[in-house]
Amino acid sequence: MASLRTYFAIYVVLMALAISKFAFFEVAFLSYEQAIAATFVAAAIKISLIAGYFQHLREEPRPITYVMLTGLFMVLLLAGAATFSVWG
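Not measured: the values here are computed from a predicted model.

Focus on the overall build of the protein
Thinking step 1. Helix and strand counts for the protein come out as three helices and zero strands.
Thinking step 2. Walking the protein from its N terminus toward its C terminus, one meets helices and strands in the order α-α-α.
Thinking step 3. Computed over the C-alpha atoms, the radius of gyration of the protein is 16 Å, more than 25% above the 12 Å expected from 2.2 N^0.38 for a compact globule of 88 residues.
Thinking step 4. In terms of principal-axis extent, the alpha carbons of the protein reach across some 40 × 35 × 10 Å.
Thinking step 5. Every one of the 88 residues in the protein was classed for burial, and the buried ones make up 17%.
Thinking step 6. If you take every contact in the protein between residues at least 6 apart in sequence, the share linking residues at least 24 apart comes to 54%.
Thinking step 7. For the protein, the exposed surface amounts to about 7000 Å²; the carbon and sulfur share of it is 76%.
Thinking step 8. Here the protein contributes 5 positively and 4 negatively charged side chains, and the mean placements of these two sets differ by 9 Å.

Next comes the structure, spelled out in structure tokens:
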């Protein structure tokens, strides 16, 4: 299990990423598309930190992690298919 210092550091990083999502849209040198892309990257980092540390996936046996990743892949696949069927 991670130490209290590790959890606090992750909390600070999560707060910085949450604030950065606002800053991406307020910075003048980023276009709207770049701000959206940066927001998605920040969200992916936040998801991996939360899943890895707060949901303790780093300490689970590897097959459980693979099941979680397979489920994530399936959700993304279904979301992509739904998007393609609506917009395609």
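Next comes the rest of the write-up.
Details of the confidence of the model for the protein
Thinking step 1. Overall, the prediction assigns the protein a mean pLDDT of 88, with 98% of residues at 70 or greater.
Thinking step 2. At the level of individual helices and strands, the protein shows its lowest average pLDDT in helix α3 (residues 62-87), which scores 88, and its highest in helix α1 (residues 4-26), which scores 92.

A closer look at the packing of aromatic side chains
Thinking step 1. Per the counting criterion, the structure on display carries two aromatic pairs.
Thinking step 2. Taking 5.4 Å as the distance between ring centres and 20° as the angle between the ring planes, the aromatic pair formed by Tyr7 and Phe54 counts as stacked. Residue Tyr7 is located in helix α1, and its partner Phe54 is located in helix α2 (residues 32-54); the two are separated by 47 residues in the primary sequence.
Thinking step 3. For Tyr7, a relative accessible area of 15% gives the class buried.
Thinking step 4. You can call Phe54 partly exposed: its relative accessible area is 35%.

Digging into the layout of surface pockets
Thinking step 1. Considering only enclosed or pocket space, the largest pocket measures out at about 280 Å³ in volume.
Thinking step 2. Taken together, Ala44, Ile47, Ser48, Ala51, Gln55, Leu57, Thr65, Met68, Leu69 and Leu72 form the lining of the largest pocket.
Thinking step 3. Counting only elements with at least two residues in the lining of the largest pocket, the list comes to α2 and α3.

Focus on the side chain of Thr65
Thinking step 1. Within the secondary structure layout, Thr65 lies in helix α3.
Thinking step 2. Classification of Thr65 as buried rests on a relative accessible area of 12%.
Thinking step 3. The contacts of Thr65, once residues within four sequence positions are left out, are Leu57 and Glu60.

Cut-offs used in this document
- Residues numbered from 1 in each chain as written.
- Predicted model: local features only at pLDDT ≥ 70, side-chain atom pairs only at ≥ 80, totals over all residues.
- Heavy atoms only, no water.
- Helix = DSSP H or I, 4+ residues; strand = E, 2+ residues; numbered from the N terminus.
- Rg over C-alpha atoms; globule rule 2.2 N^0.38 Å.
- Buried < 20%, exposed > 50% of the residue type's maximum accessible area, 1.4 Å probe, protein only.
- Contact = heavy atoms within 4.5 Å.
- Areas by Shrake-Rupley, 256 points an atom, 1.4 Å probe, with all protein chains shown as cover.
- Lys, Arg positive; Asp, Glu negative; His and termini not counted.
- Charge placed at Lys NZ, Arg CZ, Asp CG, Glu CD.
- pLDDT = per-residue confidence, 0-100.
- Phe/Tyr/Trp six-rings, centres within 6.5 Å; stacked < 30°, edge-to-face > 60°.
- 1 Å grid on protein atoms, 1.4 Å probe; cavity = no way out; pocket = protein on both sides within 12 Å on 5 of 7 lines; lining within 4 Å.
- Points joined across faces, edges and corners; volume = space filled by probe spheres on them.

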